[in-house]
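Each chain, letter by letter, is given below.
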Amino acid sequence: MSLFEKLFGKSPEADAPESRLPADRRALVDASDAAHEAARLLRAPTALMQLSEAEALTVVGFMRPRRYKAGATVIRQGEADDTGFMVLVLGGEITVEKLQASRNAPVTLSVLGPGSLIGEMSLVDGEARSASCTASTDVACAVLTREALEALIAEQPATAAKLMTAIASRLAERLRESGQKLQVYARLVQTLQQEIDVLMPTPERRKK
């Protein structure tokens, strides 16, 4: 049995981590190198670096494993029914793509590797997925479901509050980055329009 399976159990769906006794969960985490590695990745700058090591280990104890073959869809854009989980990438790469009305093919937004977190926005607000995530390679990951999050809140409210604060900070940072990109695009459009006006002046400009 691999460390990955030893930490989470061979049949994660049948043995959900939130159903275990707290002492059993802690014992599994304390004895597993895989758990400590997952906690390290959960605290990476690409995930939730605001968590302490102890808090990250507590959260990992509520996560379950999932593996995806290369080419498999992890999250599908527009999916509104299956939104109750977020994914921490432990190994492999995931491509994030977004369909846009003006394009026939999806636009690749990023390629994420170990230590990346996806799906946290829908986990929090329950809304439809905003982008598609596809396994570029075989992927090993740890998943926190909404049921496990609710169990974490009931059992470890302080850690759960820190987790939610870290997720909120991550989402706020992403919104700020999006706002900055929009400002850059707006300036670029304005500059291009000025260049077009010089090259192709309107009749009103020609009269002047």
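Going by the structure above, here's the rest.
What this report covers is the structure whose coordinates are included nearby. (Residues numbered from 1 in each chain as written. Predicted model: local features only at pLDDT ≥ 70, side-chain atom pairs only at ≥ 80, totals over all residues. Heavy atoms only, no water.)

Some words on the pattern of salt bridges
- Enumeration according to the criterion identifies five salt bridges in this entry.
- The residue Lys162 makes a salt bridge to Glu55 at a minimum N-O spacing of 3.0 Å. Remark: Glu55 occurs in helix H4 (residues 53–60) and Lys162 occurs in helix H7 (residues 157–199); sequence separation between them is 107 residues.
- Among the ionic pairs, Arg170 bridges to Glu120, the shortest N-O distance being 2.5 Å. With a gap of 50 residues between them, Arg170 in helix H7 and Glu120 in helix H5 (residues 120–125) connect regions that are remote in the sequence.
- You can call Arg170 buried: its relative accessible area is 17%. (Salt bridge = Lys/Arg side-chain N within 4 Å of Asp/Glu carboxyl O. Helix = DSSP H or I, 4+ residues; strand = E, 2+ residues; numbered from the N terminus. Buried < 20%, exposed > 50% of the residue type's maximum accessible area, 1.4 Å probe, protein only.)

Details of the packing of aromatic side chains
- Tallying each qualifying case throughout the model produces zero aromatic pairs.
- Of note, Arg66 hangs over the ring of Phe85, and the distance from its end group to the ring centre comes to 5.4 Å.
- Lying across the ring of Phe85, Arg129 places its NZ or CZ 4.7 Å from the centre. (Phe/Tyr/Trp six-rings, centres within 6.5 Å; stacked < 30°, edge-to-face > 60°. Lys NZ or Arg CZ within 6 Å of the ring centre and 35° of its normal.)

Structural notes on the sheet that holds strand E2 (residues 73–75)
- Spatial ordering of the open sheet is given by E2-E7-E4-E5, a layout of four strands whose pairing is antiparallel. Among the strands making up the open sheet, the edge pair consists of E2 and strand E5 (107–112). For this sheet the average axis-to-axis angle between neighbouring strands, irrespective of direction, equals 30°.
- Relative to strand E7 (residues 132–135), strand E4 (residues 94–98) is paired through four bridges, and the arrangement is antiparallel. Looking at E7, one finds that Thr95 is bridged to Thr134. (Pairing = 2+ DSSP bridges. Axes fitted to C-alpha atoms, helices over the stretch in contact; angles between N-to-C directions.)

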